[in-house]
Amino acid sequence: MGRPRTNDAAVRERLVACATEMFATRPQESVTVRALAAAAGTSTAAVYTLFQGKDGLIREVRDQAVAGLFQDLTAAPGSEAALEDLYALAAAYRHWGLEHRHLYTVLFGGAQSFVPSHRIGDRDPVRPLVAAIDRAVVGHILAGDTTLIAVSLWVALHGLVTLELAGSLDGTAAETAFRSTIDAVLRGWATPSAFPGLRRPDPAL
């Protein structure tokens, strides 16, 4: 009989889960391989065997965050209207961030911040957003550089999600802030002819 496998998929999953929480809630320097192994109920050797060390585990956590965000954004309902797709993508981004607070923190300000590259990969979370913005620019709904529009929309979304995760926005206030902020960003890039249609009625009125 062969030796039992101690560094299997279950151990790998526990290490990733523990690392995600620890990197999101503690300074990276304070999270040691020994602490990670202890939290996951395994040995330090498992970290090196499965991830080649702490840096490899950090990359795995980040990769899972990127993959999860990409999956949620690509699953957002599409339409013939680029503007509707932008609202849907904004909502999907917000939902993912609120549902995966530790992954969000690791990806956008935790152990290893996400730095968008100049080249957009096939599974880059920014791809669906850029595609929708390109359509809006081609359709003369928005005017400006696609990258600049994408950055301004992300900055607004990141601020909203961060405030919600911190408990500074919740309930009706959070919903109102989300709608009004996304409207304001898109109106700022709107062409004169599209501007009137970019203000959505407040359902509370």
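In what follows, the structure referred to is the one given above.
Residues numbered from 1 in each chain as written. Predicted model: local features only at pLDDT ≥ 70, side-chain atom pairs only at ≥ 80, totals over all residues. Heavy atoms only, no water.

**What to know about the overall build of the protein**
Turning to step 1, where the next piece is worked out: A count of helical and extended segments in the protein gives 9 helices and 0 strands.
Turning to step 2, where the next piece is worked out: Scanning the protein from its N terminus toward the C terminus, one meets helices and strands in the order α-α-α-α-α-α-α-α-α.
Turning to step 3, where the next piece is worked out: Of all 205 residues assigned to the protein, the portion counted as buried reaches 41%.
Turning to step 4, where the next piece is worked out: Contacts in the protein between residues far apart in sequence, at least 24 positions, make up 64% of those at least 6 positions apart.
Turning to step 5, where the next piece is worked out: Summed over its atoms, the accessible surface of the protein is roughly 11,500 Å², and 56% of this surface lies on carbon and sulfur atoms. (Helix = DSSP H or I, 4+ residues; strand = E, 2+ residues; numbered from the N terminus. Buried < 20%, exposed > 50% of the residue type's maximum accessible area, 1.4 Å probe, protein only. Contact = heavy atoms within 4.5 Å. Areas by Shrake-Rupley, 256 points an atom, 1.4 Å probe, with all protein chains shown as cover.)

**Remarks on the pattern of salt bridges**
Turning to step 1, where the next piece is worked out: Applying the stated rule across the entire model yields 5 salt bridges.
Turning to step 2, where the next piece is worked out: As a salt-bridge pair, Glu60 and Arg12 come within 3.4 Å of each other at their nearest N and O atoms. Separated by 48 residues along the polypeptide, Glu60 in helix α4 (residues 54–74) and Arg12 in helix α1 (residues 9–25) bring together distant segments of the chain.
Turning to step 3, where the next piece is worked out: Residue Arg12 is classed as partly exposed on the basis of its relative accessible area of 30%.
Turning to step 4, where the next piece is worked out: Of the charged contacts, one joins Arg62 and Asp63 as a salt bridge, the two residues approaching to 3.6 Å between their closest N and O atoms. (Salt bridge = Lys/Arg side-chain N within 4 Å of Asp/Glu carboxyl O.)

**Details of the environment of His140**
Turning to step 1, where the next piece is worked out: Locating His140 in the fold gives a position in the loop between α7 (126–138) and α8 (146–165).
Turning to step 2, where the next piece is worked out: Between the alpha carbons of His140 and Ser193 there is a distance of 8.4 Å; along the sequence they are 53 residues apart.
Turning to step 3, where the next piece is worked out: Apart from residues no more than four positions distant in its own chain, His140 is found in contact with Thr191, Ser193 and Ala194.

**Thoughts on the packing of helix α5 (residues 82–99) against α8**
Turning to step 1, where the next piece is worked out: Interhelical geometry of α5 versus α8 gives an angle of 35° and a closest axis separation of 10 Å. Here α5 and α8 pass one another in a crossing that is right-handed. For the pair formed by α5 and α8, the contact residues are Leu86, Ala90, Tyr93, Arg94, Gly97 and Leu98 on the first element and Leu153, Trp154, Leu157, His158, Val161, Glu164 and Leu165 on the second.
Turning to step 2, where the next piece is worked out: In terms of residue class, the contact of α5 with α8 is made up of 9 nonpolar, 2 polar and 2 charged. (Axes fitted to C-alpha atoms, helices over the stretch in contact; angles between N-to-C directions. Left-handed = near helix turned anticlockwise from the far one by under 90°. Nonpolar A, V, L, I, M, F, W, Y, C, P; charged D, E, K, R; others polar.)

**Brief notes about the packing of α7 against α8**
Turning to step 1, where the next piece is worked out: At a minimum axis separation of 10 Å, α7 and α8 run at an interaxial angle of 125°. In terms of their interaxial angle, α7 and α8 are classed as oblique. Remark: the crossing between α7 and α8 carries right-handed chirality. Counting all contacts with α7, which are made through Leu129, Val130, Ile133, Asp134 and Val137, the residues of α8 involved are Thr146, Ile149, Ala150 and Leu153.
Turning to step 2, where the next piece is worked out: Here the contact of α7 with α8 is composed, by residue class, of 7 nonpolar, 1 polar and 1 charged. (Parallel < 35°, antiparallel > 145°, perpendicular 65-115°, else oblique.)

**Brief notes about helix α3 (residues 44–51)**
Turning to step 1, where the next piece is worked out: Buried residues of α3: Ala46, Val47, Leu50 and Phe51, and no others. Around the axis of α3, the buried residues are gathered within 105° of arc, so they sit on the same side.
Turning to step 2, where the next piece is worked out: Structurally, α3 contributes buried residues whose contacts are with α1, α2 (33–40) and α4.
Turning to step 3, where the next piece is worked out: Two residues or fewer past α3, Gln52 is found with a positive phi of approximately 60°. (Arc of directions from axis to C-beta.)

**With respect to unusual backbone geometry**
Turning to step 1, where the next piece is worked out: Phi at Gln52 takes a positive value of approximately 60°, unusual for a residue other than glycine.
Turning to step 2, where the next piece is worked out: Its place among the elements puts Gln52 in the loop between α3 and α4.
Turning to step 3, where the next piece is worked out: One non-glycine residue, His140, adopts positive backbone phi at about 60°.

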